[in-house]
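A look at the structure
Read off the chains here:
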Amino acid sequence: MATIREIIKEKSEQLRSVDLLGPAKASEELVILASLLSSLNAEIVEKQFILNQKKVELLQEAKSVAKAKMLSEATMEYKDWIDRYMQGKALEELIRSLKYYLRQAAEEFKIGTN
């Protein structure tokens, strides 16, 4: 099974030629990406919770919020969270792009039928 990162990369490459997809297929892709974002958001929440637990642990050791934050950003928990977070941002941009394309296609259709 493909990872979320691989799916995002595949969809991103596919959407570079969005005009070849056409509005119907672009709409299907929009639904798929929205569903994927929903699943990813659940992972982000889980990773954020784990990271916050690590920050509390580090704060008890470091005795300083700034030092605990700095230390937390060098942990695997942070890497896991930021990775998912950035994947979410990439998905949001793909979704925005598809929505823009579909709006433009609808406008062109509306103009063409007048």
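Structural data are supplied above this passage.
Scope of this entry: the structure provided in the associated data block.

About the thresholds
- Residues numbered from 1 in each chain as written.
- Predicted model: local features only at pLDDT ≥ 70, side-chain atom pairs only at ≥ 80, totals over all residues.
- Heavy atoms only, no water.
- Core = buried A, V, L, I, M, F, W, Y, C linked by side-chain atoms within 4.5 Å.
- Buried < 20%, exposed > 50% of the residue type's maximum accessible area, 1.4 Å probe, protein only.
- Helix = DSSP H or I, 4+ residues; strand = E, 2+ residues; numbered from the N terminus.
- Contact = heavy atoms within 4.5 Å.
- Salt bridge = Lys/Arg side-chain N within 4 Å of Asp/Glu carboxyl O.

**What about the nonpolar core?**
- Counting residues in hydrophobic clusters, the biggest one holds 19 residues, and the most contacted among them are Ile-8, Leu-15, Val-18, Ala-26, Leu-33, Leu-91 and Leu-98.
- Looking at this core, the elements with two or more residues in it are α1 (4-15), α2 (18-62) and α4 (76-113).
- Here this core takes nine residues from α2, the largest share from any one element.
- Leaving out residues up to four positions away in the same chain, Leu-98 has contacts with Leu-15, Val-18, Ala-26, Glu-29, Leu-30 and Leu-33.

**Description of the pattern of salt bridges**
- A full pass over the atoms with the stated rule returns eleven salt bridges.
- Here Glu-29 ties to Lys-11 by a salt bridge, and the two come within 2.8 Å at their closest N and O atoms. Taken together, the residues span a long stretch of sequence, with Glu-29 in helix α2 and Lys-11 in helix α1 at a distance of 18 residues.
- Overall, the relative accessible area of 8% leaves Lys-11 in the buried class.
- When the shortest N-O distance is used, the salt bridge between Glu-29 and Lys-25 registers 3.3 Å. In this pair, Glu-29 and Lys-25 both sit in helix α2, four residues apart, roughly one turn of the helix.
- Judged by its relative accessible area of 32%, Lys-25 is partly exposed.

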